[in-house]
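Okay, here's what each chain looks like letter by letter:
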Amino acid sequence: MIISKELKLTDAQLAEVEAIVAEFDCRIQVIVGAHRCVYAILGDEQHELMFNRLIGLPYVDRVDRIESAYKLMDLRGELASHPIEINGCRIKKDILVIAGPCTVDPQNPNALYETAEAVKEAGAQVLRGGVWKPRTVPYSYQGDTAALELILEARDRTGLPLNIEVMDGWQLDMALEAKVEILQIGTRNALNYSLLKEIGQKTQNTETLVLLKRGRHMAPIDEFIAAAEYVAAGGNPNVMLCPRGTLPGLDDYRNHPDESIIPLLKRKTWAPVIYDPSHAVGRGEFVPHSSKAAIAYGADGLNIEAHIDPATGIGDDPKQAITPEKLGRLIKDVEVISSLGRS
Ligand code: PEP
Ligand code: MN
């Protein structure tokens, strides 16, 4: 990673740097941070001569060699102080709450609009809602592009930014066109490297945030962070990690809740961790327990399925959504737990 003496390199300096690394089959990815640009060297960067030539340039302050599979997301890297903010929430300083239905029901727009108003009232800063759904069984409801219009209307009515899952390049383009604020990469696509790269490239140098779920069979922490690195290496370091339970499930829980991974992630990466209790436990009654545990473990926020009337929702909502009233109480509780952690 190249750190320049000034806040950024000039075009001529960048061209010179690019020409040097190209001689060693590497390339430069410019990462625009909030305060300064950093220049990641992508490729096999173990060339002593390349380093020496870069360090010798008069406008280069230093060249960091982070021996890590994820040098951009690494806690020791230059981006560790990279601030991420959405709807007034300074992530890692304030608890971020993303809430809304699992799945937007195109047949019942009012349920979405009422849920959106109610989760805002409860204290959520972002509205979630599945437009296109990854379903285990191909005959289940797969989502509907018509749902995108509804959730955009909910954003207009409430002013809440949106979190929507995209599963392929076509959905990504539609979400980007609609200026969706947080792109969710679901657990099934957590290791879809083509999609991760495409999202990074298409959102480079923008404020779009990416919420990367933990793969449900994904045990190693390094693999999870390296998946986030794909998005960052594409050009967008605004990646938040979202553990959501892994398989096999624990007795009656839908998955094996994995809140305890949070401190282990935080030892290695600066990426904010937004925990998803809803898919971890899979039952509304246990969502508060899992949420509070996650915050106690150091989560920076929560991604919670909530619905004005869970029983009439679709997708996961009847079994795992909580009501906005319950969400409001939960948000107050997690604020207390979080302040204990900070004291
Ligand atoms: C979801 O958030 O509704 C979802 C499908 O999540 P996951 O990919 O974690 O199952
Ligand atoms: Mn769901």
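Note: the structure precedes this text.
Rules behind the numbers
Residues numbered from 1 in each chain as written. Chains lettered and ligands numbered in written order. Predicted model: local features only at pLDDT ≥ 70, side-chain atom pairs only at ≥ 80, totals over all residues. Helix = DSSP H or I, 4+ residues; strand = E, 2+ residues; numbered from the N terminus. Rg over C-alpha atoms; globule rule 2.2 N^0.38 Å. Buried ≥ 20, exposed ≤ 12 C-beta atoms within 10 Å, placed from the backbone. Contact = placed C-beta atoms within 7 Å. Near = placed C-beta within 6 Å. Nonpolar A, V, L, I, M, F, W, Y, C, P; charged D, E, K, R; others polar. Pairing = 2+ DSSP bridges. Expected span 1.5 Å × (residues − 1). Arc of directions from axis to C-beta.

**Student:** How do you make sense of the overall build of the protein chain when you look at a structure like this?
**Tutor:** In terms of helices and strands, the protein chain carries 12 helices and 14 strands. Relative to a compact globule of 343 residues, whose C-alpha radius of gyration would be 20 Å, the protein chain shows 21 Å and is just as compact. Here the protein chain holds 343 residues, and the buried ones make up 48% of them. Residue pairs at least 24 apart in sequence account for 71% of intrachain contacts in the protein chain once pairs closer than 6 positions are excluded.

**Student:** What is the right way to look at the site of ligand 1 in this model?
**Tutor:** Around ligand 1, the structure places C102, G130, P134, G186, T187, K213, R244, D276 and H279. Along the lines of polarity and charge, the residues of the shell around ligand 1 split into two nonpolar, four polar and three charged.

**Student:** What exactly am I supposed to notice about the pairing of strand β2 (residues 27–32) here?
**Tutor:** A regular strand places its side chains on the two faces of the sheet in alternate fashion. Where β2 lies against strand β3 (residues 37–42), six bridges are found, and the strand directions are antiparallel. Counterpart to V32 in the pairing with β3 is C37.

**Student:** Looking at this structure, how should I read the sheet that holds strand β11 (residues 209–213)?
**Tutor:** Whenever strands of a sheet pair, they do so through backbone hydrogen bonds, lying parallel or antiparallel. Strand order in the open sheet formed by eight strands is β12-β11-β10-β9-β8-β7-β14-β13, and the pairing between neighbours is parallel. Edge positions in the sheet fall to β12 (239–242) and β13 (274–275), since each has one partner strand and no second. Relative to strand β8 (residues 126–128), strand β7 (residues 96–100) is paired through two bridges, and the arrangement is parallel. Within the sheet, the bridge partner assigned to A99 lies in β8 and is L127.

**Student:** Is there a simple way to think about unusual backbone geometry in this case?
**Tutor:** One can expect most non-glycine residues to show negative phi and most peptide bonds to be in trans. Between L247 and P248 the backbone carries a cis peptide bond, its omega angle lying at 0°. Summarising the element assignment, P248 is placed in the loop between β12 and α8 (262–266). Although it is not a glycine, K92 sits at a positive phi angle of roughly 85°. The backbone of D251 sits at a positive phi, close to 45°, despite the residue not being glycine. Tracing the sequence through the fold places D251 in the loop between β12 and α8.

**Student:** Explanation requested: helix α4 (residues 146–158) in the structure shown.
**Tutor:** Quick reminder: α-helices carry 3.6 residues per turn. Residues three or four places apart thus point the same way. In a regular helix each residue adds 1.5 Å, so 13 residues correspond to 18 Å; α4 covers 19 Å between its end C-alpha atoms and thus fits that length. The set of residues buried in α4 consists of A147, L148, L150, I151, A154 and R155. The buried residues of α4 occupy an angular sector of 165° when projected down its axis, which confines them to one face. The exposed set on the far side of α4, more than 90 degrees from its buried face, consists of A146 and D156.

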